[in-house]
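Structural characterization, general
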Amino acid sequence: MNGKIRSILLAGCLGVVSAGSYAMVSPTTTYSDSSRTDNRVYAGLVWSWGSKQGLMPDYVVGFRSLHVESDNSVQGGDINLRVKYNHGFMLDSTRLAYVDGKRDFVGNYGVGYSFINHSVLGTVAGQGSYYRFGMDYDFKEHGIKPYVEINTLEKPNREQPKVTQIMID
């Protein structure tokens, strides 16, 4: 008798109940990682310390492409162009950066070129929704130039893990 009760309880725990020649099927849900690409064009304003323009910002336009994982990690690239307005528009600089982090906050690590100083830049920045702060290193002038940027970039949308149901017979 104990053997029959034990078998019925075991079958119930496994989701299989035998009654004659048929069985009840129980689904099991599994989750697997998934990912997607988040591409965005953006614009913004940049204030640099040590700028001869005072409080007048530079303008920035750019494109960011991120690979978003279901665990909230992101990585990708960002390319942007800065334009100065000082009695007319002129190209200031351009940057290409590797982007890595989580959806809420990412780091930017890259290189650029200053059209005004005719020099290569090294750039490091941190970015959240609608803002970026960082610094550029000018290899020609051997100087660090910190900046704050507000822009139209928000954090990438969440990627949901893929759901798979397996039927146990």
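Residues numbered from 1 in each chain as written. Predicted model: local features only at pLDDT ≥ 70, side-chain atom pairs only at ≥ 80, totals over all residues. Heavy atoms only, no water.

Quick look at the overall build of the protein chain now. What the protein chain contains, in helices and strands, is 1 helix and 12 strands. In the protein chain, the succession of α and β elements from N to C terminus is α-β-β-β-β-β-β-β-β-β-β-β-β. Taken over 169 residues, the protein chain has a buried fraction of 32%. In the protein chain, the proportion of contacts linking residues at least 24 apart, taken out of those at least 6 apart, comes to 48%. If you sum the accessible surface of the protein chain, you get close to 10600 Å²; carbon and sulfur atoms cover 63% of it. (Helix = DSSP H or I, 4+ residues; strand = E, 2+ residues; numbered from the N terminus. Buried < 20%, exposed > 50% of the residue type's maximum accessible area, 1.4 Å probe, protein only. Contact = heavy atoms within 4.5 Å. Areas by Shrake-Rupley, 256 points an atom, 1.4 Å probe, with all protein chains shown as cover.)

Another aspect to go through is the confidence of the model for the protein chain. When pLDDT is averaged along the protein chain, the result is 82, and 73% of the positions lie at 70 or above. This model gives residues 9-26 a pLDDT under 50, and the stretch forms 15 contacts once residues within four places in sequence are excluded. (pLDDT = per-residue confidence, 0-100.)

Taken as a whole and assessed by the stated rule, the structure comprises 10 salt bridges. A salt bridge links Asp38 to Arg40; its shortest N-O distance comes to 2.8 Å. Like Arg40, Asp38 is buried. A salt bridge links Lys84 to Asp92; the shortest N-O distance between them is 3.8 Å. On the basis of relative accessible area, Lys84 is assigned to the buried category, the value being 10%. (Salt bridge = Lys/Arg side-chain N within 4 Å of Asp/Glu carboxyl O.)

What follows covers the packing of aromatic side chains. In this description, an aromatic ring pair is defined by two values, namely the gap between the centres and the angle between the planes. Evaluation of the coordinates by the stated rule reveals 6 aromatic pairs. Pairing Phe105 with Phe133 gives two aromatic rings, centres 6.2 Å apart and planes at 35°, and the pair type is tilted. Here Phe133 lies in strand β10 (residues 131-138) and Phe105 lies in the loop between β7 (89-102) and β8 (106-114), a separation of 28 residues in the sequence. Measuring from ring centre to ring centre gives 6.3 Å for Tyr131 and Phe133, while their planes differ by 5°; the resulting arrangement is stacked. The partly exposed category is assigned to Tyr131, whose relative accessible area is 35%. Within the aromatic cluster, the residues linked to one another by ring pairs are Tyr59, Tyr85 and Phe89. Over the aromatic face of Tyr147 sits the side chain of Arg82, whose NZ or CZ is 4.3 Å from the ring centroid. (Phe/Tyr/Trp six-rings, centres within 6.5 Å; stacked < 30°, edge-to-face > 60°. Lys NZ or Arg CZ within 6 Å of the ring centre and 35° of its normal.)

Next up on the list: the environment of Val83. With respect to the element layout, Val83 can be found in strand β6 (residues 73-85). Sequence spacing of Val83 and Val61 is 22 residues, and the spatial spacing of their C-alpha atoms is 8.5 Å. If near-sequence neighbours (up to four positions away) are discounted, Val83 is found in contact with Asp58, Tyr59, Phe89, Met90, Leu91 and Asp92.

If you look at the biggest cluster of nonpolar residues, it comprises 5 residues: Leu66, Val68, Val74, Val99 and Val106. Residues contacting Leu66, with those up to four places away along its chain left out, are Arg36, Thr37, Asp38, Val74, Gln75, Gly76, Val99 and Pro156. (Core = buried A, V, L, I, M, F, W, Y, C linked by side-chain atoms within 4.5 Å.)

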